[in-house]
Number of protein chains: 4
Amino acid sequence: MGLKEECGVFGVFGCKDAANLCYLGLYALQHRGQESAGIVSLEGKNFYVVKDSGLVSEVFNPKNIAYLKGTEAIGHVRYSTTGSNDKNNIQPLYSKTSHGKYAVAHNGNLTNAFTIYKTLEQEGALFHSTVDSEIILHLLSRAKGATHVERLQSSLKQVEGAYSICILGEKFLIAARDPFGFRPLVLGKKGDGYIVASETCALDLIEATYVREVEPGEIIFIDKDGLQSYKIPVKVTPKFCVFEHIYFARPDSVVYSESVHEVRKAFGRKLAQEHPVDADLVMAIPDSGNSAALGYAEESGIPYEVGMTRNHYVGRTFIQPQQKIRDFFVKVKLNPIRSVLKGKRVIVIDDSIVRGTTSKKRVSAILAAGAKEVHLRISSPPIRNPCHFGIDTPKREKLIASKKTVNEILEYVGGDSLGYLSIKGMLEVIKAYPASSFCTACFDGKYPLKVKDKGKYTFEGRKIKLYAEKTN
Amino acid sequence: MGLKEECGVFGVFGCKDAANLCYLGLYALQHRGQESAGIVSLEGKNFYVVKDSGLVSEVFNPKNIAYLKGTEAIGHVRYSTTGSNDKNNIQPLYSKTSHGKYAVAHNGNLTNAFTIYKTLEQEGALFHSTVDSEIILHLLSRAKGATHVERLQSSLKQVEGAYSICILGEKFLIAARDPFGFRPLVLGKKGDGYIVASETCALDLIEATYVREVEPGEIIFIDKDGLQSYKIPVKVTPKFCVFEHIYFARPDSVVYSESVHEVRKAFGRKLAQEHPVDADLVMAIPDSGNSAALGYAEESGIPYEVGMTRNHYVGRTFIQPQQKIRDFFVKVKLNPIRSVLKGKRVIVIDDSIVRGTTSKKRVSAILAAGAKEVHLRISSPPIRNPCHFGIDTPKREKLIASKKTVNEILEYVGGDSLGYLSIKGMLEVIKAYPASSFCTACFDGKYPLKVKDKGKYTFEGRKIKLYAEKTN
Amino acid sequence: MGLKEECGVFGVFGCKDAANLCYLGLYALQHRGQESAGIVSLEGKNFYVVKDSGLVSEVFNPKNIAYLKGTEAIGHVRYSTTGSNDKNNIQPLYSKTSHGKYAVAHNGNLTNAFTIYKTLEQEGALFHSTVDSEIILHLLSRAKGATHVERLQSSLKQVEGAYSICILGEKFLIAARDPFGFRPLVLGKKGDGYIVASETCALDLIEATYVREVEPGEIIFIDKDGLQSYKIPVKVTPKFCVFEHIYFARPDSVVYSESVHEVRKAFGRKLAQEHPVDADLVMAIPDSGNSAALGYAEESGIPYEVGMTRNHYVGRTFIQPQQKIRDFFVKVKLNPIRSVLKGKRVIVIDDSIVRGTTSKKRVSAILAAGAKEVHLRISSPPIRNPCHFGIDTPKREKLIASKKTVNEILEYVGGDSLGYLSIKGMLEVIKAYPASSFCTACFDGKYPLKVKDKGKYTFEGRKIKLYAEKTN
Amino acid sequence: MGLKEECGVFGVFGCKDAANLCYLGLYALQHRGQESAGIVSLEGKNFYVVKDSGLVSEVFNPKNIAYLKGTEAIGHVRYSTTGSNDKNNIQPLYSKTSHGKYAVAHNGNLTNAFTIYKTLEQEGALFHSTVDSEIILHLLSRAKGATHVERLQSSLKQVEGAYSICILGEKFLIAARDPFGFRPLVLGKKGDGYIVASETCALDLIEATYVREVEPGEIIFIDKDGLQSYKIPVKVTPKFCVFEHIYFARPDSVVYSESVHEVRKAFGRKLAQEHPVDADLVMAIPDSGNSAALGYAEESGIPYEVGMTRNHYVGRTFIQPQQKIRDFFVKVKLNPIRSVLKGKRVIVIDDSIVRGTTSKKRVSAILAAGAKEVHLRISSPPIRNPCHFGIDTPKREKLIASKKTVNEILEYVGGDSLGYLSIKGMLEVIKAYPASSFCTACFDGKYPLKVKDKGKYTFEGRKIKLYAEKTN
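Residues numbered from 1 in each chain as written. Chains lettered and ligands numbered in written order. Predicted model: local features only at pLDDT ≥ 70, side-chain atom pairs only at ≥ 80, totals over all residues.

Draft legend 1. Layout of the overall build of chain A. Looking only at helices and strands, chain A has 16 helices and 27 strands in total. At 23 Å, chain A has a C-alpha radius of gyration in line with the 23 Å of a compact globule built from 472 residues. Evaluated residue by residue, chain A yields a buried proportion of 59% over its 472 residues. For chain A, the share of sequence-separated contacts (at least 6 apart) that also reach a separation of at least 24 residues comes to 72%. (Helix = DSSP H or I, 4+ residues; strand = E, 2+ residues; numbered from the N terminus. Rg over C-alpha atoms; globule rule 2.2 N^0.38 Å. Buried ≥ 20, exposed ≤ 12 C-beta atoms within 10 Å, placed from the backbone. Contact = placed C-beta atoms within 7 Å.)

Draft legend 2. Up close: the sheet that holds strand β23 (residues 373–378) of chain C. Residues and elements named next belong to chain C. If you walk across this open sheet you meet the 5 strands as β19-β18-β22-β23-β25, and the pairing is parallel. Strands with a single pairing partner mark the edges of an open sheet, and in this sheet they are β19 (304–305) and β25 (417–420). Relative to β23, strand β22 (residues 345–350) is paired through 6 bridges, and the arrangement is parallel. The partner of Val-348 across the bridge, within β23, is Leu-376. (Pairing = 2+ DSSP bridges.)

Draft legend 3. Expanded view of the relation of the copies chain B and chain A. Overlay of chain B on chain A (RMSD 0.0 Å): rotation 180 degrees, translation along the axis 0.0 Å. On this basis, the relationship between the two copies can be described by a two-fold rotation axis. Among all residues of chain B, the minimum C-alpha distance to the rotation axis is found for His-312 of chain B, at 3.7 Å. Counting the interface residues of chain B, we find that 100% of their copies in chain A are interface residues as well, pointing to one common contact surface. (Least-squares fit on C-alpha atoms with pLDDT ≥ 70 in both.)

Draft legend 4. Seen up close, helix α9 (residues 260–274) of chain D. Helix length check: α9 of chain D (15 residues) gives 21 Å between terminal C-alpha atoms against 21 Å at 1.5 Å per residue, within 8%. Buried residues dominate α9 of chain D, accounting for 13 of its 15 residues. (Expected span 1.5 Å × (residues − 1).)

Draft legend 5. View of the pairing of strand β8 (residues 164–169) of chain B. Residues and elements named next belong to chain B. Most of β8 sits out of view: 6 of its 6 residues are buried. Going residue by residue along β8, you find Ser-164, Cys-166 and Leu-168 tucked away on one face and Ile-165, Ile-167 and Gly-169 tucked away on the opposite face as well. Pairing of strand β7 (residues 100–107) with β8 involves 5 bridges; the strand directions are antiparallel. Bridge assignment links Ala-105 to a residue of β8, and that residue is Cys-166. In this structure, β8 lies alongside strand β9 (residues 172–177), joined through 6 bridges in antiparallel fashion. By the bridge assignment, Ile-165 is partnered in β9 with Ala-176.

Draft legend 6. Spotlight on unusual backbone geometry. Put simply, Glu-170 of chain C and Lys-171 of chain C share a cis peptide bond, and its omega is 10 degrees. A cis amide bond links Pro-286 of chain C to the next residue, Asp-287 of chain C, at an omega of -10 degrees. As for its position among the elements, Asp-287 of chain C is in the loop between β18 (281–284) and α10 (290–300). The backbone of Asp-17 of chain A sits at a positive phi, close to 50 degrees, despite the residue not being glycine. Within the secondary structure layout, Asp-17 of chain A lies in the loop between β2 (7–13) and α1 (18–28). Residue class for Asp-17 of chain A comes out buried when judged on the 23 C-beta atoms lying within 10 Å of it.

Draft legend 7. Examining the relation of the copies chain A and chain C more closely. Superposing chain A onto chain C takes a rotation of 180 degrees plus a shift of 0.0 Å along the axis, which leaves an RMSD of 0.0 Å. Comparing interface residues between copies, 100% of those in chain A also sit at the interface in chain C, which points to an isologous, same-surface contact.

Draft legend 8. Spatial organisation of the sheet that holds strand β25 (residues 417–420) of chain A. Residue and element names in this part refer to chain A. Strand order in the open sheet formed by 5 strands is β19-β18-β22-β23-β25, with parallel pairing between adjacent strands. The two strands at the open ends of the sheet, each matched to only one other strand, are β19 (304–305) and β25. Where helix α13 (residues 357–368) meets the sheet, its contacts fall on β22 (345–350) and β23 (373–378), and the angle it forms with β23 comes to roughly 150 degrees. (Axes fitted to C-alpha atoms, helices over the stretch in contact; angles between N-to-C directions.)

Draft legend 9. The arrangement of the domain arrangement of chain A in detail. All names here are of chain A. When cut into domains, chain A gives domain 1 (4–236) and domain 2 (259–310 + 325–436). Taking only C-alpha atoms into account, the centre of domain 1 sits 34 Å from that of domain 2. If you look at the interface, domain 1 gives 13 residues, while domain 2 gives 5 residues. Within the side of domain 1 that touches domain 2, the residues separate by chemical class into 3 nonpolar, 6 polar and 4 charged. (Domains from an automatic or database assignment. Nonpolar A, V, L, I, M, F, W, Y, C, P; charged D, E, K, R; others polar.)

Draft legend 10. Main features of the packing of α9 of chain D against helix α10 (residues 290–300) of chain D. Residues and elements named next belong to chain D. Contact geometry of α9 with α10 gives a least axis separation of 6 Å together with a crossing angle of 45 degrees. Here α9 is positioned oblique relative to α10, judged by the angle of their axes. Helix-helix and strand crossings are classified by hand; for α9 and α10 the assignment is right-handed. Residue-level contacts link His-261, Arg-264, Lys-265, Ala-266, Phe-267, Gly-268, Arg-269, Leu-271, Ala-272 and Gln-273 of α9 to Ser-291, Ala-292, Ala-293, Leu-294, Gly-295, Tyr-296, Glu-298, Glu-299 and Ser-300 of α10. Broken down by class, the residue content of the contact of α9 with α10 amounts to 8 nonpolar, 6 polar and 5 charged. (Parallel < 35°, antiparallel > 145°, perpendicular 65-115°, else oblique. Left-handed = near helix turned anticlockwise from the far one by under 90°.)

Draft legend 11. Looking closely at the interface of chain A and chain C. Every contact between the two is made by 28 residues of chain A and, on the other side, 28 residues of chain C. Broken down by secondary-structure element, the contributors of at least two residues to the side of chain A that touches chain C are β4 (46–53), α3 (62–67), β6 (93–97), α4 (113–122), α5 (133–142) and β27 (465–466) of chain A. Of the residues forming the side of chain A that touches chain C, the biggest block, 5 residues, is contributed by β4 of chain A. Split into classes, the residues belonging to the side of chain A that touches chain C amount to 12 nonpolar, 10 polar and 6 charged. As defined by bridge partners, β4 of chain A adjoins strand β27 (residues 465–466) of chain C across 2 bridges and the pair is classed as parallel. Following the sheet pairing, Val-49 of chain A is matched in β27 of chain C by Leu-466 of chain C.

Printed below as a string of structure tokens:
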């Protein structure tokens, strides 16, 4: 996969050692962002902050978690859309305002960020980071209204796009999801306390109970008096991101009220119906293709096999430019098992094709390991358009399906046949919501809203370059 | 699994950018040792050394790999048997002697290490590390004989136990494997150069061709005139470590001339014959149980399912002592998928049981996720005795099978039934070598040689404690 | 001395490798602040920033200086008034505003900082640091006016207190000094370029020519068309800080148009007239008392001697709590020379007494080394009041002279006699400016302006605590 | 000065928190070596080691000092003669031998090191470092003899050259000084415990009492039964290094039973007699010329002045190659005071001239600051020969006095006159020992012993290059 999720968020209210729960929650959400991680906790009126670039396991340690005192905390893992290693961009963001202190963790992209930014700057606002999420803090600081929720309603009314956010204040936790509900956000309970998370796998790890989704357009306000639900005053039909089911979410999560693994298996079964082929075995590109491959094998009756093995120790890898090693980066991560593939007709299940370069390398590695035929089956439709709602897609012209037919793609990636799951087939097998509740813009270009400031989710123009020593 | 491999070795002779190949080879062998990594390269008469504690991806970077000049290199990854973070113990070890400079990378344990160590010390030898491998350097330095090979023969004649070693000298590479051949060691070719590695997966990554195993008791000497084979002057029957097939080696490796994945699948099939049970699905403890689970499913006709998902970002994890999270460390790594397990009778395939504590947690996590029945099947016989030949086993009394019957173990770990593969069944399905060629001491206590200095592979008594700042 | 200067500033316009000159300038100004250091440079419209806690020699290296491209730069060294290790407080501060990007380096304290801060916060401004200097950026961002200078004039009209500042913009350099001129600021030339610095020693090191002081209340604007001078629209009599002459400035600097070393010698001569005593030798507390001691010896005719030697390698020192070493921290830094002091009547010249604890230790160390009599002479008047204009003084009640007479102080610090320089005597020997041009508030309590927000130069109330790993 | 001392040693026996005292002692001895520092402590039979490159204040912290348990400790500060950053060369060295564990700290150079090294290597010895000091450990390990002292006597009988050493064993402390006594070594007492140190300033800091020098050729053995004195079985006349008085030792130390400051003042007085000149002031190159300048001023009646000021914050400094700053490195460290020098005839006292380049820059800087005449006076004789006994001198051809007359040197360094102290004059003013007790080889070439292995105090030939990440 060449798509990257941009963030995971997590929030805790009213639990002992909140920061530790938050740390564990981020640990479970690590797949949603590996560039940086942060936690802000609250004890009394004091906010405590730990954030840095790196994996959750690199950023946190027993000492700094112990520093994060209190029974409330919010956390964030981030994949950055830019190469920028500006530490100021690491979330949660926080500031003191005349309404008190706030910390914000945000998953998604605001599609009118630049427009608002220009207005705020004209009014003399000084920006500290270069990410769209800071706009929410400025709006909150300037908002009129008697309560935190009223000020948030008036602030969110101004922003457009995707946001699943956690806000920590003195002394409350807010969870809000944009009216389209682009990105997931779930509510849980642990003892008397509340948990908010991007995915349920984070609830599982800390043994919290899954309560329900935070609804599209909902603001949940939690304080010592319990939970209250409010609405963002904007009316639209929900448009969930279907790629959470295809690739992003962990298979053990429940997303949009359905098991991700089961949905993926169903994608595989439907794919077997739509693109059957005679072969000796079905294999997955591990691990993202595992569930769909099982579904395909089940439906087709062709045996499931492990045709590639995954190296569990892939960190930063490099290779000297002089070395000529074909398909090196595929092999580092995934090594084909010759004894399985040799002389076999192989159905290979992958979750998607973005640029096509990775698929090409994988097909070629499987053939080099001795496979007689390779039939590539993709458990999602062809990706033809960029996302503006929180997924980092390459530009349209880099998306192989935006300019090539399926046959031309097959020619490019190699192998004997290629089949994609249809949009209709994909949405049919999802049970919890009707087909109309999903955003399919990346497949068919039907964007649920007009995107004002395309790609302007960071304000690099305002940037003053802070030196950062690179590790290598 | 609670057993730990102690090392992986890799050697390159006559290849451009040897250190880079070595780095890639160690990358592929990372599963054999995660505590430290090192490379020594040779250019002209100069040896270059990079070694440190940490993963291969942490120890090496483009800058220090570039520092490792030359067309020859040996490397090592290590899992240490002690908590000792003494940097002097990181391999390859190296020294100048009156016969020139040597660097040594060693996988295995010398079972008369302490006896030799005491003699050398009486003669005034100063030891720089506390590992048995240093003995080989001292013996080489003191050995008489006209050639490097003669001196090595006379040195290795004195040591007993397990050793698969690479020695880099001016200007040659030696690969040697103890007469029993306890640990694997294979020979490969890349262009005109030679490669030596613990497993074939390291050859695959660098696109070297697998030639053959280094034979038990063989010394391979490679210099500019090519390769020559010599014998260690000791005569015994080979005794390969069967645990390489059960657990240690990567499934995509060929070990003892056979595909590890295929052997594991055969273990699974045999296990289904020996311990059949009626159930709704077969699942593996990922990823070590995957191959055997596929074999079990195939043989039994019961569907294979993904019942647990693996977190790919497990690094150092910790949890505050105050947090009460049941089976936390299992869940961090492996999360059961409720939608798969709920209400099902489940056959769970794991590779082995050491102390039983981990199995107990896994069974309990699977039941907590809703499974109706759990039938645990182990693709190896009960482990009852410690290893002295390169695997870090707990003391005998910690091995659950040393003091409990299978029924008692079932009672301890929980679930509805438990079945182990038999020794006979296990050895039957291995095709490349007869049953007599494998060491089964950990199962039946039949040690191939008398172990003189039990457990004395490190000389901590001689240790002078060097302060090392801990990261946490 | 227990007083601490809070900052040094440096600016370069129109010189090749401006950042390197800036780095050298900060190097020369290191005595004015050792907590953190930073440089912002300008190339085209790009600002480059390097800043960190630590000494100049620790923060900068050839790599990060090379990163700081351009022919303009400003720099800052800082001694922080709080224990706060918040990296956001390290100067120069910078931001983009609707009038373009600005970087600011500030020496001094704004005495109505908190009042302005509250107003800005009410207007929705978000603060990124907790230092008063950030107020200048917010005011500049909100200011109306056609030019940078007009907006600066209207901004500075609102702030009260001490500021010697450098502002770097696109593409100009501004140097400004508050109407009282509390802290020094000088203008220099290097080739066709301009230099601004806290002291002339920084000009010497980079071989710039000293032009003149930036005048109290002056705004100097430098761009490609050269230098223009403006006024801050506030009328007052100058009040220079006399402690620059007594202690802060380097002896090789020219400050307030006079040689610091010569002024200190003159203090010593006057002190000999005011407090003569019969003795065998005159010695200084090195190195801050050196100049005055020479003056005292010259005037009195008593020989000058080296009675204490200074350890040049004093970094962070600590001592285990169990160790009982009398006057340890004095001895680490300054060791008495027994052979010089033994049996002698000694006149000891120090620059000032703050709490009295250090003087007590020094007198006691000199007596312990064998001196027969100790006559302590202080080359400044008794300090009785805190400073609000850029010097970090302890609270009034910690100042020994605020509650004790000279005789009581003598009793406390020990020795045989004690004499302080008089205010009148001190100001008499300064030639370049009349006595009325100096602030003597710390001696006589005559503050030149009403201080509105006493001690509120940092806004810790707004602080959100960012975790910082301590080195020890 | 361009000469560099190579080491300082310190030892403690029978004092609570020995490592902390050792740390403080090394702190006081920091001027003798700034490259690396180390301490080995002893508790029961356990040795604890902390060592690293860097200043004492950088290497040690409360945490690692606390790690160094026990009532015995030895320490070492080192200036390395090579660029080698091999951590294995940092002292104290240590090893276990058949006679128990030893740690060794060594100041000096063994002049037959290479010869012994070759023999040991032939016998199969493996070397761990590349410094001559390791030879002592090997000899001790191989020595025959009933006691530690006997074995040390037979070991030291074999080595030639300079050594002031501390050896820590189980459970004793040995201090030994070579028969010539090239380098200083003193004995002190603290409570019931014993202290050994290179200079008395280290005793002062920890409030130990100075007892006496360790005599040339003496071995002092200290254990729980107290102190015993033995002889190294070699008979020669002492030859103390006179440069300790001229430059190396701290002025507050007593070395060779005399106050260093007083000896330097006497050098200055004698210099005034030998090379009088009419002038307005006498100034020192701070701080190494301070004492002699005071003596010169006293004898000549010409006033002493501070003509240069020292920057206290000189760490690593660099300058971009593009910058043209005359005499930059002099100015960074020492800035002339214009107001003092302008129009004056100046006598400048420096301790020595090595290559002449630094003196040239200083004279030029003083003239540039306005001095009318510069008369350079050197408080030691011309250096014409390299040292082989523990001081790092450049090669003979780099020593300006080896090839130029005094007049030619004057021409090179600039100024109006130049005068060196005579050898005779220098030795006359030393009172505690006769002229014959001092080594004057660097002035007159009379080496006290035949140097066998010139310059071979490190065995870089045996070196295997260990990668070390450079900070810059």
